[in-house]
Amino acid sequence: MTMERTDIAFEVNDAAVSVSVPPVRRLSQVLRDELRLTGTKVGCDAGDCGACTVLVDGNPVCACLVPTASVSGASVITVEGLANGRLSALQASFLEHGAAQCGICTPGLLVAATALLERNPTPSEAETQDALGGVLCRCTGYRKIVAAVMHASQHMDGFDRRLPEVGRAVGASPIRLDGVPKVTGDEKFGGDSFPDDALSVLVVRSPYYHAGFSFGDIDAWAKEHPGIAGVFTAADIPGKNCFGVIGPFADQPALAEGFARLRGEAIALVAGEREAILDLDLTDFPIAWTELPHVLQPREAKADGAALIHRHRPANLLTSGYVERGDPDGALAAAAVTVSGAIETSFVEHAYIEPEAGFAYMDGDTLVVVACTQAPYMDRDDTAKVLGLPVEKVRIVPTATGGGFGSKLDVSLQPLIGLVAMKTGRPAALAYTRNESMMSTTKRHPAEMEATIGADSECRVTGMIFEGDFNTGAYASWGPTVANRVPVHASGPYQTPHYRATGRAIHTNGPIAGAFRGFGVPQATIMQETLYDELAGKLGMDRLDFRLKNCLRNGCETVTGQRLESGVGIGECLELLQPHWARALGEAEAFNAVNTASKRGVGVASCWYGCGNTSLPNPSTIKVGISASGDVVLHQGAVDIGQGSNTVITQICADALGLPLDKFRLKSADTAITPDAGKTSASRQTFVTGKAAEKAGRALREKILRFANVSDQATIALDGASISIREGDATRRIDLRTLKIDADGLVFVAEETYDPPTLPLDAKGQGKPYAVYGYGAQIAELEVDLKLGTVKLLKITAAHDVGKAINPVLVEGQIEGGIAQGIGMALMEEYIPGRTENLHDYLIPTIGDVPPVEHILVEVPDPEGPFGAKGLGEHVLIPTAPAILNAIRHATGVLVTKVPATPSRILAAIREKEARR
């Protein structure tokens, strides 16, 4: 039934508007769909995320909770109204402080902070946190946001537009090259540019973990609902109804056929006119369900007689990874001291603030998909396969991506909207609701792990045995990567001469578990680092000193037998933490001497992480050229999901080429115009794509110098449509307009590919899985209320070896954001299928949950990386949770062995300890 419309007049950004809409239509929808003010973002439609915050008569409100009728005659200000021809001081401060990463939450934060600053121009940290507490951010860790708001009054003249001098871009911190649209509301995310004539798409999903189904009379149902253009099922898919990020393991249908393996699985598509879809109730959709038995835990799935989720995978084992070195059983038997333990972790939701969104259309005989993604070329290949198209007839145009963290590596809506566009000949648009995003997309793997570690009387680790079962859910996704990466990393960045580790990916009917910042390493590190604390205690050795004694150094061999000749920075990280460790321990001891209700604890943990794919090809290609008009055109296909690749890769290329940043013009990821820079995952873009950009910059410089017949000592400069080459006192000027241009309008061009040198792992996991590793260590300081079990974080000190900080402000932002996600994993985040499928019941850290963070940037260059740089994105999350768990044990004497360490679990562990006395 179509709702009646009413004319509603109000003011938006100081301009009078009038709309004819149903009175209860959400203000957020009206602003975005009717007025095209898409700077107001929609992350939940429930008032939980705050991304849609606007000012109504000066007061911040969630526009998704406001019926449009209630703003009749009112004044509404959106993010687009903050600039008034020039950036506000607050917007400038956000840019200077690096407070916008992906940018999806930025408009809501800016609007809420504007209301605060209008009544209090110089707020305290507590006042800032209180004012912004209703807006969630998943990328930044909030610390730079707080700083930007507190110091906004210092940016009345805007931001510093000066760019670093030629040859000094690397190591400088210019504002993000794509930063301004993030603070003005101009950035276009997946749901921000739907064509006016696009059909809206709804997805019919399984309400059961495992069920058979059959359709009724779909055609008759569609005729009964005006505005429905079509209903599509698996029978309509023209290609192979199967996709997956790792070809040999691909097993997921785009639309299920006959039965569903998990709750939230896509069953059918309903496409129709926008207004018809807005009013459509799917409760009468003609489908009959037969609920079937299901298993949600690996131990159930492995049990004798358990039904197979995929018939060709016995015992529901997707795959396993294995690393063995030396004689671990003998080493543990001969050890002076051994410790053993078991840890269980939970599903963790990515909780990016932008749910999946995009649209598709036919451009002649080419399908174009415009959507948020982390992996455009992978999307292209899977979409083409499902829809039966040649890959050259599918074009993926990534939008800005409002957070990804691994889940947007897998295709989601791309083949679905592509199918509708192909079948109807009209553009097709789809934006997931928060509920369907959380129920249908990938999660961090829950893990059930156990390990034993031994040391000799000299406090040196002699051996370790690790086993872990990882719940990979109904389909493969990145389960094989997790199973293989975990055994390589489970030793931590420590010398472990005798070692055996097994990682298994087990199918269940639970949510699909895929990539999430670390690919299983954060889980394994909790197991290893908590045992290291226990081992140090048994040996009577300081916990930090124990790690320093055993950490990898240059010349050491890893558990895979890889000799690390140089670039090993974990020792430097731990050494730089020593004064902070001593201070924190002293303060905790003093506090605990005079307090009984609460106790302070200090914990430490380390990490290492191999950048890029494990023992597999991992190439990136970059193209850069000089246009006839005198611009440097960088075809940069590494999707920037907030980590800063658009800026960092340009900085690298600029210094390699020898031209300034202000001459660069970016052509961002698009499978039609940019070479494949690989997926944005596994901390590979700065290292792998950055290396390709360095090579391309040097190759382009070489072409120009050879053209001018000068030596490598010459300098180049662009001045309008001419290029000057200077060597000594001689200068040659070339008019670029006189040179032959290629199809891209370039007169000089270079394209280079880099693929990190790795070697396969043998049957015992011996080999060279990664060319470059990054390292880090963190200290967590906290208080535990012994009666309530609550944890108050006081400070995180983080030392990370990045090889070379290409852009230090962006590095700090990555560290803070990773720590915030590590805090969530440690203390609050637990995705429970069917129960926590929204941002109200599923808790992520808010602005008040992240304590002060002190960064220590360590630069131990790796000769393989561009200008010595290493990856960072995954590493920064890995040590946080184990450092927090170790600090809780230091404070209470108990280790929580089911993560997250919620107050109830902490109290249960304390009571169990007291009962044993």
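Here, the structure is the one placed above.
From a predicted model like this one, the values you see are computed outputs, not experimental measurements. (Residues numbered from 1 in each chain as written. Predicted model: local features only at pLDDT ≥ 70, side-chain atom pairs only at ≥ 80, totals over all residues. Heavy atoms only, no water.)

A. Focus on the overall build of the protein chain. When helices and strands are tallied, the protein chain shows 22 helices and 33 strands. Relative to the compact-globule value of 29 Å for 917 residues, the protein chain shows a C-alpha radius of gyration of 28 Å, a close match. Expressed as lengths along the three principal axes of its C-alpha atoms, the size of the protein chain is roughly 85 × 80 × 60 Å. Expressed as a percentage of its 917 residues, the buried residues of the protein chain come to 64%. Residue pairs at least 24 apart in sequence account for 77% of intrachain contacts in the protein chain once pairs closer than 6 positions are excluded. (Helix = DSSP H or I, 4+ residues; strand = E, 2+ residues; numbered from the N terminus. Rg over C-alpha atoms; globule rule 2.2 N^0.38 Å. Buried < 20%, exposed > 50% of the residue type's maximum accessible area, 1.4 Å probe, protein only. Contact = heavy atoms within 4.5 Å.)

B. Representation of the sheet that holds strand E29 (residues 730-735) within the structure. Taken in spatial order, the three strands make up an open sheet running E27-E28-E29, and their pairing is antiparallel. On the outer flanks of this sheet lie strand E27 (715-719) and E29, each paired with one strand and no other. Across this sheet, the average inter-strand angle for adjacent strands is 20°, counted without regard to direction. Looking at chain direction, strand E28 (residues 722-727) and E29 are connected through six bridges and run antiparallel. Note that in E29 the partner of Glu727 across the bridge is Ala730. Across the face of the sheet, helix H19 (residues 685-708) comes into contact with E27, E28 and E29 while running at roughly 75° to E28. (Pairing = 2+ DSSP bridges. Axes fitted to C-alpha atoms, helices over the stretch in contact; angles between N-to-C directions.)

C. View of the pattern of salt bridges. Tallying each qualifying case throughout the model produces 52 salt bridges. Taking the shortest distance from any N to any O, the salt bridge between Lys870 and Asp801 comes out at 2.3 Å. Here Lys870 is found in the loop between strand E33 (853-858) and helix H21 (880-892), whereas its partner Asp801 is found in strand E32 (residues 791-801), with 69 residues between them in sequence. Exposure remark for Asp801: the relative accessible area of 1% places this residue in the buried category. Here the salt bridges do not stand alone but share partners, grouping Arg5, Arg25, Asp33, Glu34, Arg274 and Glu275 into one network. (Salt bridge = Lys/Arg side-chain N within 4 Å of Asp/Glu carboxyl O.)

D. Highlighting the nonpolar core. In this structure, Phe94, Phe466, Leu535, Ile570 and Ile884 are the most contacted members of the largest nonpolar core, which totals 159 residues. Looking at this core, the element that brings in the most residues is helix H15 (residues 521-539), giving nine residues. Sequence-distant contacts of Ile570, that is, excluding residues within four places in its chain, are made with Pro493, Cys551, Leu552, Ser606, Cys607, Tyr775, Gly776 and Ala777. (Core = buried A, V, L, I, M, F, W, Y, C linked by side-chain atoms within 4.5 Å.)

E. Main features of the state of the cysteines. Tallying each qualifying case throughout the model produces zero disulfides. The thiol of Cys44 is unpaired, and the distance to the nearest cysteine sulfur, on Cys49, comes to 3.7 Å. With no disulfide of its own, Cys105 lies 3.5 Å from the sulfur of Cys137, the closest cysteine sulfur. Under the relative-accessibility criterion, Cys105 is labelled buried at 5%. (Disulfide = S-S within 2.5 Å.)

F. Examining the packing of helix H11 (residues 376-387) against helix H12 (residues 414-424) more closely. Axis separation between H11 and H12 bottoms out at 9 Å; the angle between their running directions is 50°. Between H11 and H12, the crossing angle belongs to the class labelled oblique. When you trace H11 past H12, the crossing you get is right-handed. Counting all contacts with H11, which are made through Asp379, Thr383, Val386 and Leu387, the residues of H12 involved are Gln414, Pro415, Gly418, Leu419 and Met422. Looking at the contact of H11 with H12 residue by residue, the class counts come to five nonpolar, three polar and one charged. (Parallel < 35°, antiparallel > 145°, perpendicular 65-115°, else oblique. Left-handed = near helix turned anticlockwise from the far one by under 90°. Nonpolar A, V, L, I, M, F, W, Y, C, P; charged D, E, K, R; others polar.)

G. Here's a closer look at the pairing of strand E18 (residues 428-431). Inspection of the sheet shows strand E6 (residues 199-205) paired to E18 by two bridges, in the parallel sense. Within E18, the position partnered with Ser200 by the bridge is Ala429. Taken together, the four bridges between strand E15 (residues 357-363) and E18 define a ladder with antiparallel strand orientation. Following the sheet pairing, Gly358 is matched in E18 by Leu430.

H. Spatial organisation of the sheet that holds strand E7 (residues 211-215). One open sheet accounts for three strands, arranged E9-E7-E11; its pairing is antiparallel. A strand with exactly one partner marks an edge of an open sheet, and here the two such strands are strand E9 (259-260) and strand E11 (287-291). In terms of strand pairing, E7 meets E11 through five bridges, oriented antiparallel. Residue pairing in the sheet places Ser214 in a bridge with Ala288 of E11.

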